[in-house]
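# Observations on the three-dimensional arrangement
Here's the letter readout for the chains.
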Amino acid sequence: MAPKNLKATFALQQELKSNNDDANQHVKANGTSLRSYTLYLIRHGEAFHNVQEKIAEKEAEALALAQGLSPAEVHLKMMLARQRILDDPAFFDSPLTAGGIQQAHEASAKLYSMIFPLPTEVFVSPLQRTLQTAAHLFVPEHHSNVRVREELRERLTGRPADNRYSSSVLASRKSFARFSFKNLRQNSLKMEFDIDSFNGSDEGDSELLPMFDDMGNVHLGETADEDDSELPIDGGDDLGPDFGLGIDIDVDPMASDLDRSECRTLDASATSMSSSMSSSRNVQRCMELEKDLQIRAGKLLSILCDSESCSVAVLSHKAYLRALERGVFGREEASEFGNCEIRVYTITLDTSSKSLVKTERLL
């Protein structure tokens, strides 16, 4: 029977967690390397580029249909319209909309009313939309253990919307102050692409594979130092939806103390970084292949094995979660995640080989 109030829910969650811990201790005592986890998979809330993508696709579809184009041509026009949004520097590290913030609050209420063990550790992607979702979704009194991991970020495309601010800037913001950025600073993602990832790379560039620095940006050659021109921001709360992107919207009441000068500073920084990124050779032509994304998603198993928690939440992106479910978990029928959708699994890992033994979806 479902609990009648949140207090009863929390008590039941703690009981289930205790039972899960006891079971894992029993496994450890008997010398086996199997370990069970309750795993929450969550996608971020609606971001600005998500909204503009849908608008651009609808407009392109209407125009293409009015022109009498074939279904294949209509689809192509819609895809190109969507790509133009993703290539727009205005959407660098795109933040949540007011609707996305509301989705995060609704997801939070849903999470704390579930009967499954409450997550005792949260791993989150370093992009702004996932960090903001985590700040609204996980209440501080129950979730002080939030860790930012580069491995969980969106599919690497080199486009502004999928790039991020440096760890120093992110860690300096009030609403992210309780998050741990230690791993992000120490293990900036250095993702090498297959040569096949380049669509017509220039002659002589074949040995220059793109790498990712702590700015989360694509460049060629050795890993670059963090950009000293991007100054850390002191004070101010960034829970509001516009975050200096120059978009005319209503500011969320919760973010009324947001310092507009800080918004302008970050806006200028984002524009500068995006312009620099877009001018680099091959940046627009490199794309993380699906097989590479699945390999990266598989690193979550090692992260879980190294964790002391048996109930864990992972807050990431649509493409990453798709690769995890369909690739790593072998659930080819899994549908795309909606914004702020929560799915709950129980999984069993062999901690000695850091491999997956069994998965069962609970919700």
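Our structure is the block above this text.
Residues numbered from 1 in each chain as written. Predicted model: local features only at pLDDT ≥ 70, side-chain atom pairs only at ≥ 80, totals over all residues. Heavy atoms only, no water.

For an α-helix, the turn length of 3.6 residues means that residues three or four places apart are oriented alike. Given a rise of 1.5 Å per residue, 14 residues ought to cover 20 Å, and the 20 Å separating the end C-alpha atoms of helix α4 (residues 98-111) matches this to within 8%. Every buried residue belonging to α4 is among G100, I101, A104, A107, S108 and L111, and all of these are buried. Down the axis, α4 shows its buried residues gathered within 120° of arc, on one side only. The opening residue of α4, the one whose side-chain oxygen lies 3.2 Å from the backbone nitrogen of G99, is T97. (Helix = DSSP H or I, 4+ residues; strand = E, 2+ residues; numbered from the N terminus. Expected span 1.5 Å × (residues − 1). Buried < 20%, exposed > 50% of the residue type's maximum accessible area, 1.4 Å probe, protein only. Arc of directions from axis to C-beta. Polar contact = N/O pair within 3.5 Å; in protein donor to acceptor, adjacent residues only side chain to side chain.)

Let us now look at the pairing of strand β7 (residues 311-316). Counting buried positions along β7 gives 6 out of 6 residues, so the element sits mostly inside the fold. One ladder, built from 6 bridges, connects strand β1 (residues 34-43) with β7; its direction is parallel. Looking at β7, one finds that R43 is bridged to S316. Across 4 bridges, the pairing between strand β2 (residues 121-124) and β7 is parallel. Directly across from V124, in β7, lies its bridge partner L315. (Pairing = 2+ DSSP bridges.)

Moving on: a nonpolar patch on the surface. A cluster of nonpolar side chains, contributed by L76, M79 and L80, occupies part of the molecular surface with about 230 Å² of accessible area. Inspection of the secondary structure assignment puts L76 in helix α3 (residues 71-86). L76 gets classed as partly exposed once you look at its relative accessible area, which sits at 41%. (Patch = residues over 30% accessible without salt bridge, like charges linked within 9 Å, V, L, I, M, F, W, Y side chains within 5 Å. Areas by Shrake-Rupley, 256 points an atom, 1.4 Å probe, with all protein chains shown as cover. Salt bridge = Lys/Arg side-chain N within 4 Å of Asp/Glu carboxyl O.)

Take the nonpolar core next. Y40, L131, F138, F179, F181 and I342 are the most contacted members of the largest nonpolar core, which has 31 residues in total. Of all the secondary-structure elements, those providing two or more residues to this core are β1, α4, β2, α5 (128-137), β3 (146-148), α6 (167-171), β7 and β8 (342-350). Here this core takes 4 residues from α5, the largest share from any one element. Setting aside residues no more than four positions away along its own chain, I342 makes contact with Y40, L41, I42, A107, L111, M114 and L363. If you look at the next biggest cluster of nonpolar residues, it comprises 24 residues, including L39, L304, C305 and A319. (Core = buried A, V, L, I, M, F, W, Y, C linked by side-chain atoms within 4.5 Å. Contact = heavy atoms within 4.5 Å.)

One way to put it is that helix α9 (residues 290-298) packs onto helix α11 (residues 318-328) with a least axis distance of 8 Å and a crossing angle of 85°. Our classification of the angle between α9 and α11 gives roughly perpendicular. Between α9 and α11, the residues in contact are E290, L293, Q294, R296, A297 and G298 and A319, Y320, R322, A323, L324, G327 and V328, respectively. Looking at the contact of α9 with α11 residue by residue, the class counts come to 7 nonpolar, 3 polar and 3 charged. (Axes fitted to C-alpha atoms, helices over the stretch in contact; angles between N-to-C directions. Parallel < 35°, antiparallel > 145°, perpendicular 65-115°, else oblique. Nonpolar A, V, L, I, M, F, W, Y, C, P; charged D, E, K, R; others polar.)

Moving on, we get to α11. Residues of α11 that are buried: A319, Y320, L321, R322, A323, L324 and E325. In this structure, the buried side of α11 is in contact with β1, α9, α10 (300-306), β7 and β8. Two residues or fewer past α11, G330 is found with a positive phi of approximately 70°.

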